[in-house]
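# Descriptive structure summary
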Amino acid sequence: MTTKKIITTSNRRRARTFEGFDFTRNDIPFTSGILGSYRRKAWETFQQLPYPTTKDEPWRRTDIRGLDGSLALPKNEAYLDLQPMSTRLLTPLIDQEHGGQITLLPGGIKTEVSDEIIEKGVIFSDLETAAQDYPDLVSERLGKVVSADEGKFAAMTAAFGQNGVFVHIPRGVQLEEPLHSVVW
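Conventions and cut-offs
Residues numbered from 1 in each chain as written. Predicted model: local features only at pLDDT ≥ 70, side-chain atom pairs only at ≥ 80, totals over all residues. Heavy atoms only, no water. Salt bridge = Lys/Arg side-chain N within 4 Å of Asp/Glu carboxyl O. Buried < 20%, exposed > 50% of the residue type's maximum accessible area, 1.4 Å probe, protein only. Pairing = 2+ DSSP bridges. Helix = DSSP H or I, 4+ residues; strand = E, 2+ residues; numbered from the N terminus. Axes fitted to C-alpha atoms, helices over the stretch in contact; angles between N-to-C directions. Phe/Tyr/Trp six-rings, centres within 6.5 Å; stacked < 30°, edge-to-face > 60°. Lys NZ or Arg CZ within 6 Å of the ring centre and 35° of its normal.

### Details of the pattern of salt bridges
Taken as a whole, this structure holds 6 salt bridges when the rule is applied. In this structure, K120 and E116 form a salt bridge, with 3.7 Å as the shortest nitrogen-oxygen distance. By relative accessible area, E116 is classed as partly exposed at 46%.

Printed below as a string of structure tokens:
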């Protein structure tokens, strides 16, 4: 009787891990007030949380090991090299008018809100301005939809986010015209 020898080989590559990004605390757009405090706390959370792996249930189908860490925040005035925004993006999606429109442009923000909407007590503003003008409202809502402690990337977004749109519609108020925001 002859004995069989079974040889098993594998093409497995040595598992590598994602080392992270080269961001530092100095890259964060720290401001004073509620946004500054929020960003500082988000940075601390970012520092403490591990990067997700395919062993984490929400990430089991997303392997970030292919990231090389070269993601970088835009340099000051990098927007000067961008193409101008298409006016088609500013055209109302429905109806003829917007109740309000915010355009977050690199290097500036353009806000238009109808008097009717302002009279109803609606706040439709960029996040930086809202944090200065309505700190209590912003504080109540900041991080409520996606919390910085939900994961490494949520914390990174909270820490490094440059701006956003803040909408407050008082209870019982109905708007007929849409609010439109464009990020370019």
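### Brief notes about the sheet that holds strand 5 (residues 179-183)
Ordered in space as 2-1-5, the 3 strands form an open sheet in which the pairing is mixed. The sheet is open, and its two edges are formed by strand 2 (108-113) and strand 5, each paired on a single side. In this sheet, adjacent strand axes meet at a mean angle of 5° when their direction is disregarded. Direction of pairing for strand 1 (residues 100-105) relative to strand 5: parallel, over a ladder of 5 bridges. Within the sheet, the bridge partner assigned to G100 lies in strand 5 and is L179.

### Some points on the packing of aromatic side chains
Here the structure, examined in full by the defined rule, presents 10 aromatic pairs. In textbook terms, an aromatic cluster arises when at least three aromatic residues are bridged by ring pairs, as seen for F21, F23, W43, F46, Y51, W59, F153 and F160. The ring of F46 has K152 sitting right over it, with the charged end atom 4.2 Å from the ring centre. For K152, the ring lying beneath its charged end belongs to Y51, and the centroid distance is 4.7 Å.

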